[in-house]
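Chain and residue survey
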Amino acid sequence: MAIDVKFWGVRGSIACPSPDHVVYGGNTSCVEMRIGDQTLIFDAGTGIRNLGKDLIRRKVTEASIYLTHTHWDHINGFPFFVPAYNPVARFHVLAGHLTEQGGVERVFSAQMADPTFPVPLSAMKSKLTFEDFPVGSVLNPADGIVIRTAPLRHPNGATAYRVEYAGKSVCYVTDTEHVPDQPDEVILDFIQNADLVIYDSTYTDEEFPAKVGWGHSTWQEGIRLCRAANAKRLALFHHDPDHNDAAMTVIEQKARSQWSNTFAARDEMVVVIE
């Protein structure tokens with residue numbers, strides 16, 4: 001009766017493989033949640049490549065992929081998601097920010113079209129289905145699993161997800177910009193009493209004023225929101241690529257000193273909610 005959360009990519013903006021990004025990882029956004037025999041994937045950044053290899057190892061041939069939005073760092077791993085080329089596999093791709101902009105299938109097809117990529121979407125021989133839903137919808141991927149959605153403050157729009165199962169809840173809230181001294185009431189309500197909140201912690205409060213309008217938040221705001229909403233744990237996520245291992249270690253230490261229920265997400269970290 002658990003929700004197994006595995007982080008496959010925790011960076012924002014652009015992948016940053018380097019000797020200075022080993023401890024926390026350099027892949028962009030991708031989080032897997034396993035509930036029984038159900039596999040739920042959140043975002044398809046470069047982290048989805050390694051997830052795909054793991055699905056093959058585990059002989060998993062069916063999953064749903066929920067997108068917060070379709071900026072490059074959240075979708076550019078999908079062409080390298082090897083299971084999608086398997087004719088016996090089935091993947092359902094969903095997005096809540098494109099209902100009036102042509103739909104998510106159009107975006108995925110354009111990403112893999114000339115002149116920017118040599119292999120078209122049609123080369124993926126799995127059973128690929130695409131669904132656009134109005135943000136705010138409640139999704140039911142399987143018996144007992146409820147996924148709530150909410151809008152986020154981000155250029156071109158983005159969607160937050162709250163996965164609920166057997167009295168437990170995990171919130172995936174990334175790519176959102178807060179207003180200083182004005183807690184986001186939508187997020188506060190959305191993360192109320194959550195067991196784990198994965199939150200956009202791209203910047204620090206000190207860095208934030210120079211980044212207003214870029215669509216991201218801070219680890220300090222994440223702590224403020226989680227405390228106010230009585231959430232149990234906070235995972236710092238969507239790390240700035242300029243925050244190398246040394247910088248991330250300092251950030252995590254400072255965050256934990258403010259609220260001990262905080263940790264910085266790392267590539268291939270597993271958190272079990274039970």
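Scope of this entry: the structure provided in the associated data block.

What counts as what
- Residues numbered from 1 in each chain as written.
- Predicted model: local features only at pLDDT ≥ 70, side-chain atom pairs only at ≥ 80, totals over all residues.
- Heavy atoms only, no water.
- Axes fitted to C-alpha atoms, helices over the stretch in contact; angles between N-to-C directions.
- Helix = DSSP H or I, 4+ residues; strand = E, 2+ residues; numbered from the N terminus.
- Parallel < 35°, antiparallel > 145°, perpendicular 65-115°, else oblique.
- Left-handed = near helix turned anticlockwise from the far one by under 90°.
- Contact = heavy atoms within 4.5 Å.
- Nonpolar A, V, L, I, M, F, W, Y, C, P; charged D, E, K, R; others polar.
- Pairing = 2+ DSSP bridges.
- Right-handed = clockwise from strand over helix to strand, strands pointing away.
- Expected span 1.5 Å × (residues − 1).
- Buried < 20%, exposed > 50% of the residue type's maximum accessible area, 1.4 Å probe, protein only.
- Arc of directions from axis to C-beta.
- Polar contact = N/O pair within 3.5 Å; in protein donor to acceptor, adjacent residues only side chain to side chain.
- Phe/Tyr/Trp six-rings, centres within 6.5 Å; stacked < 30°, edge-to-face > 60°.

This part covers the packing of helix α4 (residues 219-228) against helix α5 (residues 245-258). For the pair α4 and α5, interaxial distance at closest approach is 10 Å and the crossing angle is 25°. On the basis of the axis angle, α4 is roughly parallel to α5. Of the two possible hands of crossing, α4 and α5 adopt the one that is right-handed. Packed against α4, whose contacting residues are Trp219, Gln220, Ile223 and Arg227, the element α5 presents Ile251, Lys254, Ala255 and Gln258 at the interface. Looking at side-chain class alone, the contact of α4 with α5 contains four nonpolar, two polar and two charged residues.

Let us now look at the sheet that holds strand β2 (residues 30-35). Taking strand neighbours across the sheet as the criterion, the seven strands line up as β6-β5-β4-β3-β2-β1-β14 in an open arrangement whose pairing is mixed. Lying at the two open borders of the sheet, with one neighbouring strand each, are β6 (127-132) and β14 (270-273). In this sheet, adjacent strand axes meet at a mean angle of 20° when their direction is disregarded. The pairing of strand β5 (residues 90-95) with β6 spans six bridges and is classified as parallel.

When strand β4 (residues 62-67) meets β5, the two strands line up parallel, connected through six bridges. Bridge assignment links Tyr66 to a residue of β5, and that residue is Leu94. Between β5 and its parallel partner β6, the chain crosses via helix α2 (residues 104-111), and the hand of that crossover is right-handed.

Counting along an α-helix, one turn takes 3.6 residues, and residues three or four places apart therefore face a common direction. The first and last C-alpha atoms of α5 sit 20 Å apart over 14 residues, in line with the 20 Å expected at 1.5 Å per residue. Taken residue by residue, α5 has Asp245, Met248, Ile251, Glu252 and Ala255 as its buried positions. The arc that holds every buried residue of α5, seen down its axis, measures 120°, which confines them to one face. Seen from the open side of α5, the exposed residues pointing more than 90 degrees away from its buried face are Ala246, Gln253 and Ser257. At its buried positions, α5 is contacted by α4, β12 (234-237) and β13 (262-264). Where α5 begins, the capping side chain belongs to Asn244, and its oxygen is found 3.2 Å from the backbone nitrogen of Ala246.

Before going further, it helps to examine the packing of aromatic side chains. What the rule picks out here adds up to 12 aromatic pairs. Pairing Phe133 with Tyr161 gives two aromatic rings, centres 6.4 Å apart and planes at 70°, and the pair type is edge-to-face. In this pair, Phe133 sits in the loop between β6 and β7 (138-142) while Tyr161 sits in strand β9 (residues 158-165), placing the two residues 28 residues apart along the sequence. Judged by relative accessible area, which is 2%, Phe133 ranks as buried. For Tyr161, a relative accessible area of 0% translates into the label buried.

Within strand β10 (residues 168-173), five of the six residues are buried, leaving the element largely enclosed by the surrounding structure. Relative to β10, β9 is paired through five bridges, and the arrangement is antiparallel. Bridge pairing in β10 links Glu164 to Ser169. Counting the residues in the hairpin turn of β9 and β10 gives two residues, including Ala166, whose phi is positive at 50°. With four bridges connecting them, β10 and strand β11 (residues 196-200) associate as parallel partners. Note that in β11 the partner of Cys171 across the bridge is Val197. Note that the unit made of β10, helix α3 (residues 185-190) and β11 has a crossover that is right-handed.

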